[in-house]
Amino acid sequence: MSHRTELSVELTGGLLSAWQRRNREATIPHAIRELRAAGNLDNLRRLADPAVGPYRGRYPFLDTDLYKTLEGLAYEVDRALGAREFYDEVVGLLQEAQADDGYLNSYFQDPDQPKQPWSDLAWGHELYNLGHLVQAAVAAKRQLGDDRLLIVARRFADLVVEKFGPQGEPGIDGHPEVEMALVELYRETGELAYLTQAELFVERRGRGNLVRTIFPGEYFQDHVPFRELPSVIGHAVRMAYLAAGATDVHLETGDPTLLAALERLWDDMVATKLYLTGGLGSRHSDEAIGDRYELPSERAYAETCAAIALMQWAWRMFLATGKASYLDVYETVLYNAYAVGLSADGTAFFYDNPLQRRPDHEQRSGAESGGEPLRRAWFGCPCCPPNIIRWMSELQDHLATAGANTLTIGLYADARISTGEFTVAVSTDYPWDGEIAVTVVDAPAAEQTLVLRIPAWAQDARLDGEPVTPGWATVRRSFKPGDSISISLPMAPRAHGSHPYLDATRGAIAVARGPLVYCVEQQDSETPVDDLLLSVSAVQAAPARRQGDHVVLDLTAAVAPAPPRELYPVLTGRAEESVGSPVPVTFVPYFLWGNREALAMRVWLRSEGEGR
């Protein structure tokens, strides 16, 4: 098993702590109500008592919504309203529902369903279910010392090893996810068979082992072996989960060919297929990653689950390489593509996350007809809300790492971080402010190394007043309680352009400050947002202003000339009309859009140089 240095991280204040408080006070109680109402518990209950009623729901993988919620509850079970009762009830139902051979899936165990267990690996998601069960079980054991779920999960995992192991059938699941979980189960138990099974699942993909219908192999990342994938491709969540699992396998086996493929795929994705917000997946069709530079704003799918999967991959790539650039992407996703998926009150969700909303927009969220025009309380396929819950509960697990006499802080938030003898307190108003203080609380006599990430956007950063470049800043010395290190990350607004091959936003400007991408909602502009023109100088000069508990930017924009009436006018070569008078516009953090009346919104705006 991998050696894990003792590390304890507690969020003590600031935005991330506020998000966790909202999670336990609003999102978790809301999800518990929705899961009960949707029939997830009854689907398990009816296996012992058919009088409960028929299986409810369209999909055979709805147990995972319980598992993801349980994983989050492992951190919050005694602090969230109704969590303990729900946790114990679901664990009891799972223990009762599990078959004698260890199999567990309320859909395939249902006698009224036409499909039999393991009869549809492409779409049945049985191994995907196991993955989320394992992750919930490991969290419960580590956080609560409760091994009830772990016993259930190991029985199911042992069945899978027997059926699909080295001497078994060469099957794989249509939806990767179990690979990560099996590696984590190996780390928790020391049972090598689980790591071997995870490695097998990665190696078998793309070798003709998946019986597919409807969609081609690219959708499942199953058209070529993993190491031969030319680019991230297919269903975005599947792709990122597969890559994260493959990274876990590398972390335990040290396979250099696997890491080389992962680095190549990552670099290509960041360079050609990732939205400015960190969103992944540009196609509503198949929830898929599009071609290189295919990144339309108004049709961005950028599923919330894909954001979570991408953070899991990014974190593992950081562990595998030590490179700060992976945490730069992680942080972008966290504060933008992930955070936007949840409403300000914590009880409504985006499934897909566009970067533009047109004034006459009518497409409903979650690829479903009807319902609210923006965030929704729940979905027929509610994979995103429970995923948000578990990740929100685990934010502190992705701030820092520890090694021999070394503490690495990768993300900044008010926190108390301890490696045992060495404890520091981080104080900051990040991401709204770039001033950070790291104060030593306890320290041994021996020298310690403190490694601090300087984000790529922080070009004029300082450490204790001295200039530092983006990447890692290292301080090594004998620390004493009360010693303090200051980090200054200037947060001047930035104007971003896009690659010339990215047709959807060619010549447009987007606004960012620190790790946050900003947008303009129609409520904050007297001029239609489609008629606003930005300049780089206007963005750079924009003052930041505190508004409630967040920071907004006050820009001066120009008004575009009246557009032609024709959809495709003939170009004459004459000079454009002059732009209108400057108008004030307030930009808000992208993750906060959609909490007011459903009006137009833009991340990317035309530049003054583009005119019409």
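Check the entry above for the structure.
What counts, and where the lines are drawn
- Residues numbered from 1 in each chain as written.
- Predicted model: local features only at pLDDT ≥ 70, side-chain atom pairs only at ≥ 80, totals over all residues.
- Heavy atoms only, no water.
- Helix = DSSP H or I, 4+ residues; strand = E, 2+ residues; numbered from the N terminus.
- Buried < 20%, exposed > 50% of the residue type's maximum accessible area, 1.4 Å probe, protein only.
- Contact = heavy atoms within 4.5 Å.
- Areas by Shrake-Rupley, 256 points an atom, 1.4 Å probe, with all protein chains shown as cover.
- Lys, Arg positive; Asp, Glu negative; His and termini not counted.
- Charge placed at Lys NZ, Arg CZ, Asp CG, Glu CD.
- Pairing = 2+ DSSP bridges.
- Axes fitted to C-alpha atoms, helices over the stretch in contact; angles between N-to-C directions.
- Salt bridge = Lys/Arg side-chain N within 4 Å of Asp/Glu carboxyl O.
- Polar contact = N/O pair within 3.5 Å; in protein donor to acceptor, adjacent residues only side chain to side chain.

Caption draft 1: Expanded view of the overall build of the protein chain. Scanning the protein chain for helices and strands turns up 15 helices and 23 strands. Each principal axis of the C-alpha distribution contributes one length, and for the protein chain these read about 75 × 70 × 45 Å. Every one of the 612 residues in the protein chain was classed for burial, and the buried ones make up 59%. Looking at the protein chain alone, contacts between residues at least 24 apart form 70% of all its contacts between residues at least 6 apart. With an accessible surface of roughly 23,400 Å², the protein chain has 49% of that area assigned to carbon and sulfur atoms. Computing the positive centroid from 57 side-chain charges and the negative centroid from 84, the protein chain places the two 2 Å apart.

Caption draft 2: Spotlight on the sheet that holds strand β6 (residues 406–409). Spatially, β5-β6-β10-β13 is the arrangement adopted by the four strands of the open sheet, whose pairing is mixed. Since the sheet does not close on itself, it has two edges, and those belong to β5 (400–403) and β13 (471–477), each with one partner. Strand-to-strand twist in this sheet, taken as the mean axis angle between neighbours without regard to direction, amounts to 15 degrees. Where β5 lies against β6, four bridges are found, and the strand directions are antiparallel. When the bridges of β6 are listed, Ala400 appears paired with Ile409. Packed on one face of the sheet, helix α12 (residues 304–321) meets β5, β6 and β13 and runs near 25 degrees to β5. Against the sheet, helix α13 (residues 324–338) makes contact with β10 (448–454) and β13, and its axis sits at roughly 55 degrees relative to β10, the strand it touches most.

Caption draft 3: Fine view of the pairing of strand β9 (residues 435–442). Of the strand pairs in this sheet, strand β8 (residues 423–428) and β9 are connected by six bridges, and their pairing is antiparallel. Counted as the bridge partner of Val424 is Val440 from β9. Once β8 ends, the chain turns through six residues before running back antiparallel as β9. Here β9 runs beside strand β14 (residues 484–488); their pairing, made up of five bridges, is antiparallel. Note on β14: the bridge partner recorded for Glu435 is Ser488.

Caption draft 4: A look at the pattern of salt bridges. For the structure shown, the criterion picks out 40 salt bridges. Close ionic contact of Arg148 with Asp88 constitutes a salt bridge, the shortest N to O distance being 2.9 Å. Pair noted here: Arg148 is in helix α7 (residues 148–164) and Asp88 is in helix α4 (residues 83–97), with a separation of 60 residues, a long-range link. In this structure Asp88 comes out as partly exposed when scored by relative accessible area, which is 31%. Within the structure, one salt-bridge network assembled from shared partners comprises Arg142, Glu184, Arg187, Glu188, Asp248, Glu252 and Arg316.

Caption draft 5: Focus on the environment of Asn40. Relative to the elements of secondary structure, Asn40 occurs in helix α2 (residues 40–45). Taking the C-alpha atoms as reference, Asn40 lies 22 Å from Gly174; in sequence the two are 134 residues apart. Look past the residues within four positions of Asn40 in its chain and what remains in contact with it is Leu35, Leu62, Asp65 and Leu66. A polar contact of 3.0 Å, which involves the side chain of Asn40, links it to the backbone oxygen of Leu62.

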